[in-house]
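Take a look at the letters that make up each chain.
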Amino acid sequence: IQPQAKNPVDGQEFRDLEWGQLNFLHTTDNHGWHGGHLQEPQYSADLGDYISFVSHMRRRAHEKDVDFLVVDTGDRSEGNGLWDASDPKGMYTRRILQQLDVDILTTGNHELYNGTTALNEHLEMVPFFGDRYLSSNIDINWRGEWEPFANRSLKFVTPKMGFNVTAFGFLFNFTGNHPITRVKPVATVLEEQWFKDAIADKEVDLFLVAAHIDVHTLELQQIHDAIRAANPETPIQIFGGHSHIRDFKVFDEKSTALESGRYCETVGFLSLDGLAPEHGPKPKDGGAITTFRRYIDFNRPGFQHHSGTGGANFDTPEGLSMSKEITSYRQLLDLNRLIGCAPQDFSLMKDPFPGPHNWYSYLAETILPEMVRNPMRDSHPRMIFINGGSQRFDVFKGPFTYDTSFLVSPFTSRFMYAKDVEWNVATQLLDYFNNDASPYSASARAKGDLPPLDKHADYDDAKQPRNVMPGAQIPLGRRKKQKQKKRTLVKGYTTNDDFGHDGDDTVHEYFEKYPTPKVLQSNASFPADYATNPPPVVDVVFFDFIAENVADGLNAIVSRPDAWSRDMFEMYMGREDTLTKLILEFAAKEWGRDCV
Ligand SMILES: Nc1nc2c(ncn2[C@@H]2O[C@H](COP(=O)(O)O)[C@@H](O)[C@H]2O)c(=O)[nH]1
Ligand SMILES: [Zn+2]
Ligand SMILES: [Zn+2]
């Protein structure tokens, strides 16, 4: 099933990009979506189109005699059939990404959850990209000793303007990584001699930080502050990620951070002016940096417009062959195989939870009770817990394909259980998980286990841009503002960041975003009168991914630190019974195949 993408932006007049001395394209958290969005025209470009776009933007930079860098900040894996359906996972994605002309890339937490994935990233991607692949705080031990996962930092001179740039690559203080890897806390690395030497180097015109870190976090503040303390005047440009949102933070007059969404929905564009090369002429206005940022929807019309090629001359031979290669891999993996017809749209956060249009509610009320079963325990009442962040994308009414199961619920978590837990203990577990004050929240963030924030700020003209530094009436650093023209709006990202709300290239119609559960509970085989006559005990069933958190929660509830531990839990279903598989089986059984 290949729904054809109509022109995603009829009536859209694009505002041109403001180029500077140094210009960037940024992607992050693409999570395997390199084949594009087949059911969303406005994000329908694929990696082939992006390769063509990058090629044209490099050409334009050359014509303008300015510098241009392409950056990716990780989570390239997990969350699309193109990645998850191959064996080993990511086999085709790593092959296609090696054809992307990227200048600086770093590692996300999703490259590190699974040992095979981490090792393949280290053995295939790191050597291929060489010193451009930066991991300043990750090590790997696959051959008996700890060694850097990739290059720690890179100093280079930009070809046109002769800027001396020192680049780093950081991951947030992630603790959910596979044991063959280790992630050193950012604060620890900032004290290491190699880092101190790198930021002590006075022959640097710009520090570049590629970070798989949300732009509003302690770790990123620590990195900025360490570099700034050693370099009061040197510009610091940060590219963030991980929280899957479009965002932009002003740290100070010479430092900002751009975050560019997720899932091949966004390409971030950023330009800098006013940089003073070490040996070049000093800028006339005392070194003020002018910054411009724009979030470009990942579609061909936008790429064609900004590459200055229009329709006819956009596709490069490399881009065309990449698109063909992706199509062939998708066919090889049989990703378009129709499984069933989803009876309606179900969203993760575009509709209230709980509610009739919310995917979490449909899972809790319909899919999990029917599909998460153990024949030996079927008559036993059970509570089923899954982490909210395990669900990754909306379900659209109509064709639900083999690929869709990976878009929605890609992970290989299995179901474990604690047998016969007292009712009045088990009933307190959900609050332990979802109460922000509980210890779970802190450990979940460190594990990367909070549902990706997907904050779409509202389009409130009166609303001041967030985080404007106190006393600074205009965003720090000078920026190039552009007039907004009236447009026909389609639903999409509406972003309000430290530079205001003119960042989205395609002006979208705003829509409400609703909170999602940190952890979802589903009940099954409860007696009809459970509300007035609750069963004495229930089976507590859960994803192995949160097994330690379940033990911690139960122990906290009974106030005994060692009442439960992971090794006391048993498998509830088989190793092959992932939720991906269970959803496929449900869709095949319940949803019919005549998609009207
Ligand atoms: N149930 C599982 N959830 C997982 C697994 N690996 C990751 N996750 C969830 O992903 C997000 C983090 O994603 P990010 O793109 O924001 O970095 C987080 O909510 C995790 O819970 C897994 O194997 N099983
Ligand atoms: Zn991500
Ligand atoms: Zn991440």
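See the structure above.
These remarks concern the structure in this document. Computed from a predicted model, the values in this text were never measured in an experiment.

Scoring rules and cut-offs
- Residues numbered from 1 in each chain as written.
- Chains lettered and ligands numbered in written order.
- Predicted model: local features only at pLDDT ≥ 70, side-chain atom pairs only at ≥ 80, totals over all residues.
- Heavy atoms only, no water.
- Phe/Tyr/Trp six-rings, centres within 6.5 Å; stacked < 30°, edge-to-face > 60°.
- Helix = DSSP H or I, 4+ residues; strand = E, 2+ residues; numbered from the N terminus.
- Buried < 20%, exposed > 50% of the residue type's maximum accessible area, 1.4 Å probe, protein only.
- Expected span 1.5 Å × (residues − 1).
- Donors = N, O, S within 2.8 Å, 3.2 Å for Na, K, Ca; no water.
- Axes fitted to C-alpha atoms, helices over the stretch in contact; angles between N-to-C directions.
- Parallel < 35°, antiparallel > 145°, perpendicular 65-115°, else oblique.
- Contact = heavy atoms within 4.5 Å.
- Nonpolar A, V, L, I, M, F, W, Y, C, P; charged D, E, K, R; others polar.
- Salt bridge = Lys/Arg side-chain N within 4 Å of Asp/Glu carboxyl O.
- Core = buried A, V, L, I, M, F, W, Y, C linked by side-chain atoms within 4.5 Å.
- Disulfide = S-S within 2.5 Å.
- Pairing = 2+ DSSP bridges.
- Polar contact = N/O pair within 3.5 Å; in protein donor to acceptor, adjacent residues only side chain to side chain.
- Left-handed = near helix turned anticlockwise from the far one by under 90°.

## As for the packing of aromatic side chains
And then number 1: As enumerated under the stated definition, the model contains 44 aromatic pairs in all.
And then number 2: Consider the rings of Phe170 and Phe195, whose centres lie 6.1 Å apart with planes at 80°: the pair is edge-to-face. Taken together, the positions of Phe170 in strand β7 (residues 164–171) and Phe195 in helix α6 (residues 193–200) put the pair 25 residues apart, joining distant regions of the chain. Pair check on accessibility: Phe170 and Phe195 agree, each one buried.
And then number 3: An angle of 90° between the planes, with centres 4.9 Å apart, marks the rings of Phe433 and Tyr440 as edge-to-face.

## Structural notes on helix α15 (residues 547–558)
And then number 1: Compared with the 16 Å implied by 1.5 Å per residue over 12 residues, the 17 Å span of α15 between its first and last C-alpha is a close match.
And then number 2: When α15 is considered as a whole, its buried residues turn out to be Ala547, Asn549, Val550, Ala551, Gly553, Leu554, Asn555 and Ile557.
And then number 3: Of the residues trailing α15, Ser559 is marked for its positive phi of about 55°.

## Looking at the coordination of the zinc ion (ligand 3)
And then number 1: Asp75 (OD), Asn109 (OD1), His212 (NE2) and His242 (ND1) make up the full set of protein donors to the zinc ion (ligand 3), lying at 2.1 to 2.3 Å.
And then number 2: One chain supplies every donor to the zinc ion (ligand 3), and in sequence these donors are spaced D-x33-N-x102-H-x29-H.
And then number 3: The distance between the zinc ion (ligand 3) and the zinc ion (ligand 2) comes to 3.4 Å, with Asp75 serving as a donor to both metals. Here the residue His212 occupies a position in strand β9 (residues 206–212), and His242 occupies one in the loop between β10 (236–240) and β11 (246–252), the gap between them amounting to 30 residues.
And then number 4: Judged by relative accessible area, His212 falls into the buried class, the value being 0%.

## Re the packing of helix α10 (residues 359–371) against helix α16 (residues 579–590)
And then number 1: It is the contact of α10 with α16, at a shortest axis distance of 11 Å, that shows an interaxial angle of 85°. If you check the angle between α10 and α16, you find them roughly perpendicular. On α16, the residues touching Trp359, Tyr362, Leu363, Thr366, Ile367, Leu368, Glu370 and Met371 of α10 are Leu579, Leu582, Ile583, Glu585, Phe586, Lys589 and Glu590.
And then number 2: In the contact of α10 with α16, the residues fall into 10 nonpolar, one polar and four charged.

## Looking at the pattern of salt bridges
And then number 1: Applying the stated criterion to the full structure yields 38 salt bridges.
And then number 2: As a salt-bridge pair, Glu121 and Arg76 come within 3.0 Å of each other at their nearest N and O atoms. Of this pair, Glu121 sits in helix α4 (residues 115–129) while Arg76 sits in the loop between β2 (67–72) and α2 (81–84), placing them 45 residues apart in sequence.
And then number 3: Residue Arg76 is classed as buried on the basis of its relative accessible area, which comes to 4%.
And then number 4: A salt bridge links Lys589 to Glu370; its shortest N-O distance comes to 2.5 Å. Of the two residues, Lys589 sits in helix α16 while Glu370 sits in helix α10, which places them 219 residues apart along the sequence.
And then number 5: Given a relative accessible area of 21%, Glu370 falls into the partly exposed group.
And then number 6: One continuous salt-bridge network, built from bridges that share partners, spans Asp139, Arg152, Arg182, Lys184 and Glu192.

## A few points about the nonpolar core
And then number 1: Residues Tyr50, Phe170, Trp359, Phe415, Val540, Phe542 and Trp591 are the most contacted members of the largest nonpolar core, which totals 139 residues.
And then number 2: Ranked by size, the runner-up nonpolar core spans 24 residues in total, among them Val165, Ala210, Leu258 and Leu272.

## Things to note about the state of the cysteines
And then number 1: Scanning the entire structure with this criterion turns up one disulfide.
And then number 2: Covalently, Cys341 is tied to Cys595 through a disulfide, its sulfur atoms 1.9 Å apart. Its S-S torsion of about -95° marks the bond between Cys341 and Cys595 as left-handed, since a negative value means left-handed. Separated by 254 residues along the polypeptide, Cys341 in strand β15 (residues 338–342) and Cys595 in the segment after α16 bring together distant segments of the chain.
And then number 3: Under the relative-accessibility criterion, Cys595 is labelled partly exposed at 27%.

## Regarding the sheet that holds strand β5 (residues 147–148)
And then number 1: Pairing is antiparallel in the open sheet, where three strands are placed in the order β5-β4-β8. Of all the strands in the sheet, just β5 and β8 (181–183) have a single pairing partner and so form its edges.
And then number 2: As paired strands, strand β4 (residues 138–140) and β5 are joined by two bridges and run antiparallel to one another. Across the sheet, residue Ile140 finds its bridge partner in β5, namely Glu147.

## Remarks on the coordination of the zinc ion (ligand 2)
And then number 1: At this site the zinc ion (ligand 2) is bound by Asp29 (OD), His31 (NE2), Asp75 (OD) and His244 (NE2), with donor distances of 2.0 to 2.2 Å.
And then number 2: With relative accessibility at 0%, the residue His31 sits in the buried group.
And then number 3: By relative accessible area, Asp75 is classed as buried at 1%.

## Comments concerning the environment of Gln21
And then number 1: Along the polypeptide, Gln21 turns up in the segment before β1 (22–27).
And then number 2: Here the alpha-carbon distance between Gln21 and His306, two residues 285 residues apart in the chain, equals 17 Å.
And then number 3: Dropping the residues within four chain positions of it, Gln21 is found in contact with Val66, Asp67, Met161, Phe163, Leu272, Asp273, Gly274 and Leu275.
And then number 4: Within the local environment of Gln21, its side chain forms a polar contact with the backbone nitrogen of Leu275, the two atoms lying 2.7 Å apart.

## Side note on the side chain of Thr93
And then number 1: Within the fold, Thr93 resides in helix α3 (residues 91–97).
And then number 2: Ignoring anything within four residues of it in the chain, the contact list for Thr93 reads His34, Arg76, Leu82 and Trp83.

## So, the packing of helix α1 (residues 47–64) against helix α9 (residues 317–332)
And then number 1: Look at α1 against α9: their axes get within 7 Å of each other, and the N-to-C directions meet at 165°. Relative to α9, the element α1 lies roughly antiparallel. In the packing of α1 onto α9, the handedness of the crossing is right-handed. Residues Leu47, Gly48, Asp49, Ile51 and Ser52 of α1 touch α9, and the partners they reach there are Glu318, Gly319, Met322, Ser323 and Ile326.
And then number 2: Within the contact of α1 with α9, the residues separate by chemical class into four nonpolar, four polar and two charged.

## Section: the sheet that holds strand β22 (residues 519–524)
And then number 1: Strand order in the open sheet formed by five strands is β22-β16-β23-β18-β24, with mixed pairing between adjacent strands. Each edge of the sheet is formed by a strand with only one pairing partner; in this case those strands are β22 and β24 (570–571).
And then number 2: Looking at chain direction, strand β16 (residues 382–387) and β22 are connected through six bridges and run antiparallel. Bridge pairing in β22 links Ile386 to Leu520.
And then number 3: Its contacts with the sheet put α10 on β16 and β22, and the angle it makes with β22 is roughly 35°.
And then number 4: Strand contacts of α15: β18 (415–422) and β23 (537–543), with the helix running at about 145° to β23, the strand carrying the most contacts.

## Focus on the environment of Thr266
And then number 1: Looking at where Thr266 falls in the secondary structure, it is placed in strand β13 (residues 266–273).
And then number 2: A relative accessible area of 1% places Thr266 in the buried class.
And then number 3: Counting along the chain gives 137 residues from Thr266 to Asp403, while the straight-line C-alpha distance between them is 21 Å.
And then number 4: Apart from the residues lying within four places of it in its own chain, the contact partners of Thr266 are His26, Thr27, Arg246, Ser260, Gly261, Tyr295, Ile296, Phe298 and Tyr493.
And then number 5: Here the side chain of Thr266 touches Arg246 through a polar contact of 2.8 Å, side chain to side chain.

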